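Residue strings, one per chain:
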Amino acid sequence: MASQCQGNRRKIQVSYVIRNEVEHQHRSGVNSLQYDETSKRLYSSGRDSIIRIWDTYNTTAPYLQSMEHHTDWVNDIVLCCKGTTLISASSDTTVKVWNANKGFCMSTLRTHKDYVKALAYAGDVEQVASAGFDTSIFLWDVVTLVALTTSNNTVTTSTLSGGKDSIYSLAMNPSGTAVISGSAENVLRVWDPRACHKNMMKLKGHTDNIKSIVVNRDGTQCISGSSDGTIRLWCLGQQQCIQTIRTHTEGVWSLAVNESFSTVYSAGRDKNVWATDLSNTGYSALVCQEVAPILKLCLIDDDSSLWVSTTDSALNKWSVSHLRYHYDAELQTHLQTMNTEPQQHIKGAASIRQCHILNDKRHVITKDSKSNVDIYDVLSARLVESLGPVSLEEEIKKRTQTVFVPNWFTVDLKIGLLTIHLDESDCFAAWRSAKEANLEENIDIKVNYGVLIVQALLDYWPKTHQQQDEEKCEQKRYFDVPPHTPIIFSELSGKTVLRLLAKDAVGHTEGMLLAEYAPAWITDLVVNRKLPAFNKLPFMLQSYSTSLKSPAKRERLAASDMLQVRKVIEHVYEKVLGQGSDDGSQSAHNDSSKPDADHEDLAAAALDHVEIYCNDQLLDPSMDLRTAKNFVWKQGGDLTLVYKQINR
């Protein structure tokens, strides 16, 4: 597969996530919920890419386990096979099959070509449908999916086609005779999978994206919720809307209906949960008001309670056992909620909302949803300092240095955690002296930040330690990363090729996958030990002149962009002004300690007799060329340095 990837010229990006070993709480919004009535377990899928299992009996410490294998938002989940199997859909374009009891991923389906946004489950026939932004709907036999193994991993699927826009919502009745999708084209499409998978009908009426659908048991009626703020009850036999419910002031994002299809619960952007009597849709009850827009409702315990998830990371359980309906004409003046406090609350953690890469290009400063400011070290993949609720802008200003280091990584906050992306084009751009990087005192030792982190990420891979050729170059290791660090190989489009934890690279299977999928720019470094070349920077060197009759002498040179101005001063003193010591060079054969002393004397003398200017600004001898170019020169064309002879 690796050769196939390279043959197809697919570029592979490497990413890693800086996080705790165990993330006990969601870090961002929770997109979907499922509840097992037998075990009383709640399953929640988060925008932090993690599915969590909660013991709802335990109100003080409900966290049981995390199910981790996705690399992007987990948009929907369904429990199948009497609670033993869980299916998940993600923005990483995959559908995954999980052992719900033990919490491990059994197989991954890569049929979709774009975000997978919605799932639907027909429990009587154990069938699941998946849909998303690629406009396709795939039907899966759950029993077949559960039976998949590494040696028997081929599965066929039926496809429902005909949609013209991204699908956001999906529903099936228990017998699987009706499949209904809602999309950004503002219509519901209805299929009968038994009828050659042809699109049966289109239901028009909504004026915006359809975000949620529920259908009754026999597939004769369905309810849809839309971003247009309305809820519509449809008769599929008549192919028309028979009721429109307008309890919400903003978009409706989630619906839940009781077993008898007599009450619909709705929620969305306006943060309100409403219950509406379907026998008389003029009567509704305000169940509760959440603190953030609501993403999912899950009706449990014989329709007496409702689990609610929002764009916040917490989960709440609300009572719906004694509904007090009001006629809709009274709603504007009687907005009294049935509940002021939830029956149960599962805490969430803060998500990172803002970040700034400091100009040392090693540290990232962040601000989370609780206004706390933290500092992360990208090279060690760790949180290094928590500053509390302080000003992000002031901390950035305080830590900004007059130093230029090339960009060598990018940061993504989509999952509420720091995800660091490394691309072949610039991963190895940042060379620094070990002293400037505060790694050791020797200024002559050069380190490459990209090399350091890639070597640390894959240090557990046995193949990286098999090369014993002493002549091969290898950079000294200064860092290790936490063993639990997730490493992700993906196409630039975002499609995940491989995900593993750093520590898992030691395993035989993971090692084989790395050998297959790791791109050449990674294996050349960690397996073949080929270090990247230094970055060259061309510059002009000219003498200082105040006379129009004696124009300044100009010389075009090129050197490592890390070269310090002091080295240019030494070059001018020794080579241009001809002040080098021949005696010192000859005596090097007689006294091995003399060359170092001679060089120190020469360097000191050079600093006493030469100054370097750029744009009429005297440069600090410890400044490097790239910093001078970006902070002092600040214009196009070659950096121009002017030397001036002085006497101190």
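Remember, it's a predicted structure, so these values are computed and weren't measured experimentally.

Draft legend 1. Main features of the sheet that holds strand β45 (residues 639–645). Ordered in space as β42-β41-β45-β43-β44, the five strands form an open sheet in which the pairing is mixed. Edge positions in the open sheet fall to β42 (554–560) and β44 (617–618), since each of these has one partner strand only. Bridge count for strand β41 (residues 536–543) against β45 is five bridges, and the pairing is parallel. Note that in β45 the partner of Phe539 across the bridge is Leu639. Against the sheet, helix α7 (residues 565–576) engages β41, β42, β43 (610–614) and β45, with an angle of about 125° to β43. Across the face of the sheet, helix α10 (residues 625–633) comes into contact with β41, β42, β43, β44 and β45 while running at roughly 100° to β45.

Draft legend 2. Focus on the pattern of salt bridges. With the rule as written, the count across this model stands at 20 salt bridges. The salt bridge partner of Arg399 is Glu385, with a shortest N-O separation of 3.6 Å. One end of the pair, Arg399, is in helix α3 (residues 392–399); the other, Glu385, is in strand β34 (residues 382–388), with 14 residues separating them in the sequence. By relative accessible area, Glu385 is classed as partly exposed at 36%. Here Asp638 ties to Arg556 by a salt bridge, and the two come within 2.8 Å at their closest N and O atoms. With Asp638 in the loop between α10 and β45 and Arg556 in strand β42, this residue pair connects regions lying 82 residues apart in the sequence. Residue Asp638 is classed as partly exposed on the basis of its relative accessible area, which comes to 24%.

Draft legend 3. Quick peek at the sheet that holds strand β27 (residues 305–310). Strand order in the open sheet made by the four strands is β26-β27-β28-β30, with antiparallel pairing throughout. A single partner strand is all that each edge strand has here, and the edge strands are β26 (294–300) and β30 (344–346). The sheet shows a mean angle of 20° between the axes of neighbouring strands, taken without regard to direction. When strand β28 (residues 315–319) meets β30, the two strands line up antiparallel, connected through three bridges. For Asn316, the partnering residue across the bridge sits in β30 and is His345.

Rules of the game
Residues numbered from 1 in each chain as written. Predicted model: local features only at pLDDT ≥ 70, side-chain atom pairs only at ≥ 80, totals over all residues. Heavy atoms only, no water. Pairing = 2+ DSSP bridges. Helix = DSSP H or I, 4+ residues; strand = E, 2+ residues; numbered from the N terminus. Contact = heavy atoms within 4.5 Å. Axes fitted to C-alpha atoms, helices over the stretch in contact; angles between N-to-C directions. Salt bridge = Lys/Arg side-chain N within 4 Å of Asp/Glu carboxyl O. Buried < 20%, exposed > 50% of the residue type's maximum accessible area, 1.4 Å probe, protein only.

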